[in-house]
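# Analysis of the macromolecular model
One letter stands for each residue in the lines below.
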Amino acid sequence: MNIFVCVSQVPDTATRIKPAADGKTIDKTDVNFILNPYDEIAVEQALRVKEAHGGEVTVISVGDDTVLNTIRKAIAMGADKAVHIKTQEEVDGISAARAVAEILKTANPDLVFTGKESVDSNSGQFATFLAALLDINVINVAVKFDLTGSHIRAEREIEGGKEVVETSLPAVVSCQKGLNEPRLPTLKGIMASKTKKPEEVAFSGGASWTAITELVKPPAKPAGKIVGADVSAVTALVDLLHNEAKVI
Amino acid sequence: MSSLLIVAEHRNGKLKKSSFEAISKGASVAKDLGLTAHVLLVGGNEVAGLTAEAANYGVSSILTVTDPKLSAYANRAFATAVSEVAKAKSATVILLSATALGRELGAFVSVKLDASLASDCTELHSAGGNLKVIRPVYTGKALSTVELKQPVKVITLRPNAFPAVSSPSSPSVEAVSVTFSDKDFACKVVDTITASGKLDVAEAEIVVSGGRSLGSAENFKILEDLAAVLGGAVGASRAAVDSGYRSHEDQVGQTGKVISPKLYIACGISGAIQHLAGMSSSKVIVAINKDKEAPIFQIADYGIVADLFEIVPALTEELKKRSH
Ligand SMILES: Cc1cc2nc3c(=O)[nH]c(=O)nc-3n(C[C@H](O)[C@H](O)[C@H](O)COP(=O)(O)OP(=O)(O)OC[C@H]3O[C@@H](n4cnc5c(N)ncnc54)[C@H](O)[C@@H]3O)c2cc1C
Ligand SMILES: Nc1ncnc2c1ncn2[C@@H]1O[C@H](COP(=O)(O)O)[C@@H](O)[C@H]1O
């Protein structure tokens, strides 16, 4: 089984985001970057498939040298090897996906796992981009995944329920919380992550089709009202919701 | 002539509310940009019964792609249908809802049509003939204005972020024929599991959420009761989900759902930054927490500093009384 996992790095979820002086990107001073939480789930799923069916897990990440930390985390969890598609520029989702697809075209993957979305861009588009570029199947937002031979039966989350999806290899699968509990890196993995060098590949993803022209903080909310401190506040609250906020 | 195409989504023989929002917005954007607006319905025989409803929000041209094989969702086939119709109608703007289906189709269509994609947008401006798209990033901690550089633009709209304005018309209905290959059906939905009658937190107009302090799954019953009188859904903090009180799909926040309901009632939730990321764009926020220093009060419009086990049932009773 030839398994790939696409990983991206994102600001630690506890970060308070500040726009940078250019007004388009975030101020990265003091920002700690981590492996995107959904990508941990993707790495875990790749490892489980390998453990059950044999094969090899390769991590791929597009970005500057700072993504090496993220790649290391995935190796520490147990991935066999890594490819770093190196670019200094900010690239959008489609151009990153093109660069990954370029590699996958010759690598002939059976399965490619991604996160449901990255918690920085919140696009949730990468898996589908890859599948469309490679002309293979895709299952998005998977919360259950079963592989028998080359047949996949998965469940994906939709509004108010789940869809049971069937398809076959090769496929891209985007992973959602609930699919598994990601393992912690092992000592052996951490040692391996220090010695295993990712293969470095030049970026060939072409032009971005989108650009962020402005990045601002959401407008601050005016200070709220404390309506009360006991049950007697309930009537007042309902009045306010009716007459002032007009939401009920 | 160039056009704007709105892909409408239906489940169980009904159009989704988020599709009415997309159609409404699409109608006004098309007017500003001087484009013809079409609503596209893709599916099996059920589609015929949906056209009248689809015309109620300001767009009078309905296009259909029907095939018995499309009665179950097959992502590649649906993507082929949307792309082929977009080409046939020279669509330069394609709108979908940012639902599980819409987000997936949007990305497919973007690749198939060499089109720029902006997903989960909360603002779309077209006054003066220029498109301006705003979408939250960093899970709501920032707002980005996105330039869509390609001639064709695909935009998915966050449910509840745009109003659905009723404007009935008598629709013209045109069936468009699309040729599918076997590959188009290589990935398909074989079953749908719906939590019976359960409203999704991402689609609900009112969400009542509970945190760790609820203490058990059973105790969420008081939130269920409150949500029921309000016609809303029940959400949860990650601490409540991790404690096993609620399932993953109810989680609100950075690694859960990001939602913009009309009213969000946070009960016994501290307001950690990861939680705020998922709900701070709610229109009105109510917090019930016994700790007056809890960060949730910093973004709440209305707060009650008290025990939720006293306040929530009393609130439910008060609302019941008034609805009579
Ligand atoms: C990578 C990462 C991702 C995360 N993603 C999310 C996410 O998506 N969503 C999310 O919610 N969190 C997320 N978190 C967790 C987040 O940091 C907080 O731990 C979590 O939101 C806390 O949940 P809580 O408010 O229910 O619990 P607590 O923080 O424990 O707060 C409980 C609150 O209840 C109040 N309380 C107690 N008893 C009562 C009572 N009887 N009546 C009234 N009030 C009472 C207390 O005063 C307190 O404020 C994430 C964390 C990490 C590290
Ligand atoms: N630069 C990147 N390099 C590798 N994988 C990525 C990159 N960006 C996004 N991904 C993958 O695509 C998923 C969804 O990202 P997005 O579509 O940006 O929300 C992430 O969880 C990753 O698995």
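Structural data are supplied above this passage.
Notes on the structure in this doc start here. On a predicted model such as this, the values are computed, not experimentally measured, just so you know.

What counts as what
Residues numbered from 1 in each chain as written. Chains lettered and ligands numbered in written order. Predicted model: local features only at pLDDT ≥ 70, side-chain atom pairs only at ≥ 80, totals over all residues. Heavy atoms only, no water. Pairing = 2+ DSSP bridges. Helix = DSSP H or I, 4+ residues; strand = E, 2+ residues; numbered from the N terminus. Axes fitted to C-alpha atoms, helices over the stretch in contact; angles between N-to-C directions. Contact = heavy atoms within 4.5 Å. Near = heavy atom within 4 Å. Polar contact = N/O pair within 3.5 Å; in protein donor to acceptor, adjacent residues only side chain to side chain. Areas by Shrake-Rupley, 256 points an atom, 1.4 Å probe, with all protein chains shown as cover. Salt bridge = Lys/Arg side-chain N within 4 Å of Asp/Glu carboxyl O. Buried < 20%, exposed > 50% of the residue type's maximum accessible area, 1.4 Å probe, protein only. Expected span 1.5 Å × (residues − 1). Buried area = accessible area lost by both parts, 1.4 Å probe. Nonpolar A, V, L, I, M, F, W, Y, C, P; charged D, E, K, R; others polar.

So, about the sheet that holds strand E8 (residues 151-158) of chain A. In space, the ten strands of this open sheet follow the order E11(A)-E5(A)-E4(A)-E1(A)-E6(A)-E10(A)-E7(A)-E8(A)-E9(A)-E13(B), with mixed pairing throughout. At either end of the open sheet lies a strand with only one pairing partner, and these are strand E11 (199-202) of chain A together with strand E13 (188-194) of chain B. Across the sheet, the axes of successive neighbouring strands diverge by a mean angle of 30 degrees, strand direction being ignored. Across three bridges, the pairing between strand E1 (residues 2-6) of chain A and strand E6 (residues 111-115) of chain A is parallel. Counterpart to Phe4 of chain A in the pairing with E6 of chain A is Val112 of chain A. Of the strands in this sheet, E1, strand E4 (56-63), strand E5 (81-86), E6 and E11 of chain A are in contact with helix H3 (residues 93-107) of chain A, which crosses E4 of chain A at around 150 degrees.

Our next topic: the site of ligand 2. Residues and elements named next belong to chain A. Of all residues adjacent to ligand 2, which total 17 residues, the nearest are Cys6, Asp39, Ser118, Gly124 and Gln125. One nitrogen or oxygen atom from the main chain of Val62 is found 2.9 Å from a nitrogen atom belonging to ligand 2. At 2.8 Å, a backbone N or O of Ser118 approaches an oxygen atom of ligand 2. Against a free-state accessible area of 480 Å², the protein chains account for coverage of 92% of ligand 2. Listed by contribution, the elements that provide at least two residues to the shell around ligand 2 are E4 and E6.

With that settled, consider the pattern of salt bridges. All chains considered together, the criterion is met by 43 salt bridges over all chains. Taking the shortest distance from any N to any O, the salt bridge between Lys16 of chain B and Glu159 of chain A comes out at 3.2 Å. Pair noted here: Lys16 of chain B is in the loop between strand E3 (14-15) and helix H1 (17-33) and Glu159 of chain A is in the loop between E8 and strand E9 (161-168), and the two residues belong to different chains. According to the relative accessible area criterion, Glu159 of chain A is buried, its value standing at 16%. Each of Arg156, Glu159 and Glu163 of chain A together with Glu9, Arg11, Lys16, Glu104 and Glu203 of chain B takes part in one network of salt bridges that share partners.

The subject of this paragraph is helix H4 (residues 100-112) of chain B. Residues and elements named next belong to chain B. If you check H4, its first and last C-alpha atoms are 19 Å apart, about what 13 residues at 1.5 Å a residue would give, namely 18 Å. Counting buried positions along H4 yields twelve of 13 residues, so the element is predominantly enclosed. Residue Asp114 follows H4 closely and has a positive phi angle near 55 degrees.

To continue, consider the interface of chain B and chain A. One frequent convention defines the size of an interface as the accessible area lost when the parts assemble. Counting from both sides, the interface comprises 87 residues of chain B and, opposite them, 80 residues of chain A. Of the roughly 7000 Å² buried between chain B and chain A, counting both surfaces, carbon and sulfur atoms make up 57%. Taken as a group, Tyr138, Tyr302 and Arg322 of chain B account for 10% of the area that chain B buries against chain A, more than any other trio of residues on that side. Residue Asp135 of chain A pairs with Arg76 of chain B through a salt bridge whose shortest N-O separation is 2.9 Å. On inspection of chain B and its partner chain A, the count reaches 44 residue pairs in polar contact (both at pLDDT 80 or more). Examining the composition of the side of chain B that touches chain A, we find that eight residues originate from one element, H4 of chain B, more than from any other. Residues of the side of chain B that touches chain A, tallied by class, amount to 40 nonpolar, 20 polar and 27 charged. Sheet topology note: the strand E12 (residues 210-216) of chain A/strand E10 (residues 142-148) of chain B ladder contains six bridges and is antiparallel. For Val216 of chain A, the partnering residue across the bridge sits in E10 of chain B and is Leu143 of chain B.

Read these as spatial facts, not as claims about activity.
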